[in-house]
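Survey of secondary and tertiary structure
Letter by letter, the chains look like this.
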Amino acid sequence: MRLNTLLGASARLKRRKSGRGAEFIPSAAEGHPPHKMPDWVQYVRRHLHLPGLNAEREAEIVEDLAHQLDDAYRDARARGDSEQQATAYAREQIPNWESFTAEFRQAERRHRKSHIDKWYDRADQTAQTKGGPWTMFADLRRDLLYGIRMLAKNPGFTAVAVLTLALGIGANSTIFTWINGTLLDPLPGVKDSGGLVAVTITTREGRNISFSYPNYEDYRDRNTALAGLVAHSTRPMSLAQEDKAERLWGSLVSANFFDVLGVRPILGRSFRPEEGEAPGRDAVMVISYALWQRSFGGDPAIINQQVTLNNHPFTIIGVAPQEFQGALVGLALDAWVPVMMADQVLPRGGGLESRGSGWLQAKARLKPGVTLEQAQAEFDTIAANLAQEYPNTNEGRGAALYPLWRAPNGAQSVLGPVLFVLMGVVGLILLIACANVANLLLARATARRKEIAIRLSLGAHRVRLVRQLLTESVLLSLLGGAAGLLVAYWGSGLLGSLIPPTQYPIQLQTAVDGRVLLFTLGVAMLTGLVFGLAPALHSSRGDIVTALKDESGRSTGGRRKGILRNTLVVAQISLSLVLLISAGLFIRSLQRAQTFDPGFRTRNVLLAGLDLFPNSYSRAQSHLFYQRLVRKLEALPGVESAALGRYIPLDIGGESDSSFRVDGYEPAPNEVVWAYHTDVTPNYFRTMEIPLLRGRDFTLQDNVDSDPVAIINRTIAQRYWKDRDALGQQLTMGSTAYTIVGIAQDIKYRQLNEDPAALIFFPVFQSNRLGMTIHLQTTGDAAALTPAVRSAVQSLDPNLPIFAVRTIETHMVVTTLQQSIASSLLGAFGLLALALAAVGIYGVVSYSVSQRTHEIGIRMALGAQPRDILQLVLGQGAFLILVGVGIGAAAAFGLAQLMTSLLFGVSATDPVAFLAAPALLAVVALLACYIPARRATRVDPMVALRYE
Amino acid sequence: MFSRELKKGSTELLILALLEAQPRHGYEIGKLIESRSGGRLRFRISALYPALCRLEDRGWVKGRWVEKTGARRRRYYRLTPAGRRVLAHQRDTWQEFTLAVNRVAGIRHA
């Protein structure tokens, strides 16, 4: 017999426990006089060899067979045989052990040793024969194999635990892929993109604005803290080859762009330093891998080929690596040209000379060993010097450095806050899942009490036992983690699909990469320790005597264990309540945001972009084109009203602002008088249903031949004219004085939750703008008009594409992006948490019912009605729920304060969310208690009392 | 009395039939076969026990340790529902088989 295998050992223990040297040999038990008789167990063991069989079954067969031989022996004795004769008779029962064993092998297919058992035996032997470090490895291997065996033995338990963990870990891995893709390593193809720094110019009011080219040069050349400072400006561009034109997004970049980012073209070269020196000289471009494949068929002969970009001939010098998509998080760009080509590429010239006009974004890489604070200090000094040298443009201007994940521009600035909340949320979900699995383990630990007691009594160290149990739980969580990776693999792309189509080439890189794998592994290991430790410590504190006395293996689980289980359930309920309340707050925010009136029409408006610049329109030609186009559009059936506007309110990116002067208004020191401004055609206000409070709309007569006019919004009128009448007065922007002909109602212009911002409208026919968005108010479905709009445009210019065609409803989704992402994800996670908590409380209550069957039986026998039992069980559950709800509501109250900035139109203590969520939770949780409670009322007292 | 081959074909049926009324332990089955056949059929443990284990392996019978106060525990075997169905089927088959053998061998029906 192999004493060291657990099951063999347990068989041995039983014998020892009985206190009779050889239990299988009966003594006075059945009334026979005590006499010396053969040890049949030894006899069978000597003859029967079943190496392929597992130990448990083998012991069983030996015992059964020994009994039968003993029966035969007694039979013979009872007939009056002598001891020798009786022994011979019994032995005659199995005359040929060899053929007997052979028959057995055939019969016992089910009990054959598994592969795991065989490995286990081998590990056992290694541990015994080698010693030293081998023992440790062999121990680990033994623990693992033992763990696998225990998990395989309880497939139901294993499946539930792994599924629970897969959901918990998978949710974490999914959110981590998003955080990884947008915050940690946001620029694919860029060397250590998480280590990049975003640099902005700051205004006196603390706004972040862009660099002008001269400022960029000064900061680049005067600093010593940076390994490199790059500038880039992202624009839509038009690429023409032969007769077809393609609209794409590209960047004007400083010559050091690719070197500082650490990007090497897979074909050709990147920019040389001298290509960043002379304006207009080096018309070279690097294209994206995607564009190379899409428009050039991946032709390697593309290098040195000439193309036309925004009407200017360029030479392609390089193809960027496939994964590289630019220096703006979440945007996939297709072309990069030197910033020195600004005058050739930008509609009105880039203004390379102008220090006052900012249009470049900047990214930097710190020198090794330099901290962000040191670099910031140096930039502060440079800014102060520049302010002295160029007071006109740089007075009051600073420069700010941000780690890329906190940069004010790019997808991460929108998604970052939401993702952090979500990371907290999935952390809570994982805790809830852990509590569920810990409860499962505790319940199972009760069932395994005997096994553990036996091992302790055989001299197993408690440390060793805890290690074994932890190995099992980590094994479980690793399985859960593996399944969780599948969840993450599926969920990683989900973020992208939550973002509606816009005119921007949004492409979030959220894939499962090495970092995600490592994260998942770490979370899984940690999870295994978290949910495994408490049950392991509890079980290994085994009370050997009670456990062994309790032959049926049943027990009440102990008071302490009960408290632990109840604590876990209370924790689950409170955590899921926190999630449900947060979800409630965001859902309410979304409702508010969706029904919120931004001050302009939000239904049945079609938007479509057009750009005349690549087709070389002069100012006069463009004005003529706009007039004809609006006339054609107005004539389309189903169109109520048509207009053009330079910008769309509440668009992401895309707005202009400038400072201006108002006669008679004396700004405070440090005050900058500024406003957003846009250019619109007549009928814009009617089309967008923005009320004109006073004055008139623009007309076709407000053109280059008449005096400059403007319409201001109410905020400007109130702020700068106060109680005077602004109508007919003048404001001066740049060198032009505009007469105010109208005052419009305030609208939400940049963000739904902004305070009213200053906004000025200028007439299109007095300005020189080549990019416009068509605004059509329609009677019915706006999207249906798309083909008509396209053909109207092409009837005027066959080579002019329209782009970013969408309804205002689609556009508005973008404006509530944060709320809609947060509420849909939090809602889903809240329900997941609710389900996990319901399973948790169901498990605890039904376990307690099964443990109390006896007690319930007695109560019923003594006259308790089913109603009383129902009350008893539900009362226990209700108490847990109440405590959990109390704690959860308090925690949510505290946490909600942190989410205030993400909420819209609801307070962080919104009574609806704080009442509805606990109510929902209480109902579901009570329902989960009701099922086992009902079962308890059906206990048959007679059965329950006999049940022992 | 009967040849080994002859007995072998009937072992399973005999075991199943004896377990039909109540659970029994291993040696008891052999004794019952002997007594009910008037001593004409005798099985050694070496023939019965592997058959019993085979039946258990197939899920037709189920063994269970039963402890009685003051006595050693014994393994009792009972018929499972599946075993019950098999028994009915084997009874029919056996009947048809003996009938067919009788006809061929020219044994007149009693």
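Bear in mind the structure is a predicted one, so any value in this text is a computation, not a measurement.

Conventions adopted
- Here the residue index of a chain counts from 1 through its sequence in written order.
- Just so you know, chain letters begin at A and ligand numbers begin at 1, following the order they were written in.
- Confidence filtering applies because this is a predicted model: local features only for residues at pLDDT of at least 70, side-chain atom pairs given and counted only at 80 or more, and all residues used for totals across whole chains, interfaces and linings.
- Hydrogens and water are ignored here; the side-chain numbers use all heavy atoms of the structure.
- Strands qualify as paired when DSSP identifies two bridges or more between them.
- Helix numbering and strand numbering both begin at the N terminus, where a helix is a DSSP run of H or I of at least 4 residues and a strand a DSSP run of E of at least 2.
- Working rule for contacts: check all heavy atoms of both residues, and any pair within 4.5 Å makes them a contact.
- Fitting a line to C-alpha atoms yields each axis, with helices limited to the stretch in contact; the angle taken between N-to-C directions then spans 0 to 180 degrees.
- For the purposes of this section, nonpolar cores are sets of buried Ala, Val, Leu, Ile, Met, Phe, Trp, Tyr and Cys residues that join through side-chain atoms within 4.5 Å.
- Think of it in three bands: with a 1.4 Å probe and only protein chains considered, a residue is buried below 20% of the maximum accessible area for its type, exposed above 50%, and partly exposed in between.
- Note on aromatic contacts: the rings of Phe and Tyr and the six-membered ring of Trp form a pair at centre separations within 6.5 Å, being stacked when their planes are under 30 degrees apart, edge-to-face when over 60 apart, and tilted otherwise.
- Salt bridges are counted wherever a side-chain nitrogen of Lys or Arg sits within 4 Å of a carboxyl oxygen of Asp or Glu.

Moving on to the sheet that holds strand 2 (residues 61-66) of chain B. Adjacent strands of a sheet pair through backbone hydrogen bonds, lying either parallel or antiparallel. Read from one edge to the other, the open sheet built from 3 strands follows the order 1-3-2 (chain B), with strand pairing classed as antiparallel. What marks the edges here is a single partner per strand, and that holds for strand 1 (24-25) and strand 2 of chain B. Along the sheet, helix 3 (residues 55-79) of chain A makes contact with strand 1, strand 2 and strand 3 (74-79) of chain B, crossing strand 3 of chain B at roughly 100°.

Turning our attention to the nonpolar core. Note on soluble globular proteins: their nonpolar side chains tend to be buried together. Residue and element names in this part refer to chain A. Counting 100 residues, the largest nonpolar core has Phe257, Phe271, Phe324, Trp336, Leu422, Phe829 and Ile841 as the members making the most contacts within it. When residues in this core are grouped by element, the largest group, 15 residues, is from helix 27 (residues 817-851). Excluding its chain neighbours within four sequence positions, the residues that come into contact with Phe271 are Val253, Ser254, Ala255, Phe258, Asp259, Val284, Met285, Val286, Ile317, Trp336, Val337 and Pro338. One finds Phe211, Ile287, Phe296 and Leu352 within the second-largest nonpolar core, a separate group that totals 48 residues.

Looking now at the packing of aromatic side chains. Residues and elements named next belong to chain A. Within this structure, the stated rule accounts for 29 aromatic pairs over all chains. Arranged with centres 5.4 Å apart and planes meeting at 85°, the rings of Trp40 and Tyr43 form a pair that is edge-to-face. Residue Trp40 and its partner Tyr43 are located together in helix 2 (residues 40-47), separated by 3 residues, close to a single helical turn. Comparing Trp40 with Tyr43 shows no difference in burial state: the two are buried.

Further remarks concern the pattern of salt bridges. By the definition in use, this model includes 32 salt bridges over all chains. Salt-bridge contacts for Asp70 of chain A lead to Arg74 of chain A; the nearest nitrogen and oxygen are separated by 3.0 Å. You can see Asp70 of chain A and its partner Arg74 of chain A sitting in helix 3, 4 residues apart, about one turn around the helix. A relative accessible area of 0% means that Asp70 of chain A is categorised as buried. Two residues, Glu20 of chain B and Arg91 of chain B, come together in a salt bridge whose shortest N-O distance is 2.9 Å.

This part is about the pairing of strand 11 (residues 398-403) of chain A. Residue and element names in this part refer to chain A. Of all 6 residues making up strand 11, 6 are buried, and the element is well covered by its neighbours. By the alternation rule, side chains of strand 11 split into Gly398, Ala400 and Tyr402 and Ala399, Leu401 and Pro403, which are all buried. As defined by bridge partners, strand 1 (residues 197-202) adjoins strand 11 across 6 bridges and the pair is classed as antiparallel. Directly across from Ile201, in strand 11, lies its bridge partner Ala399.

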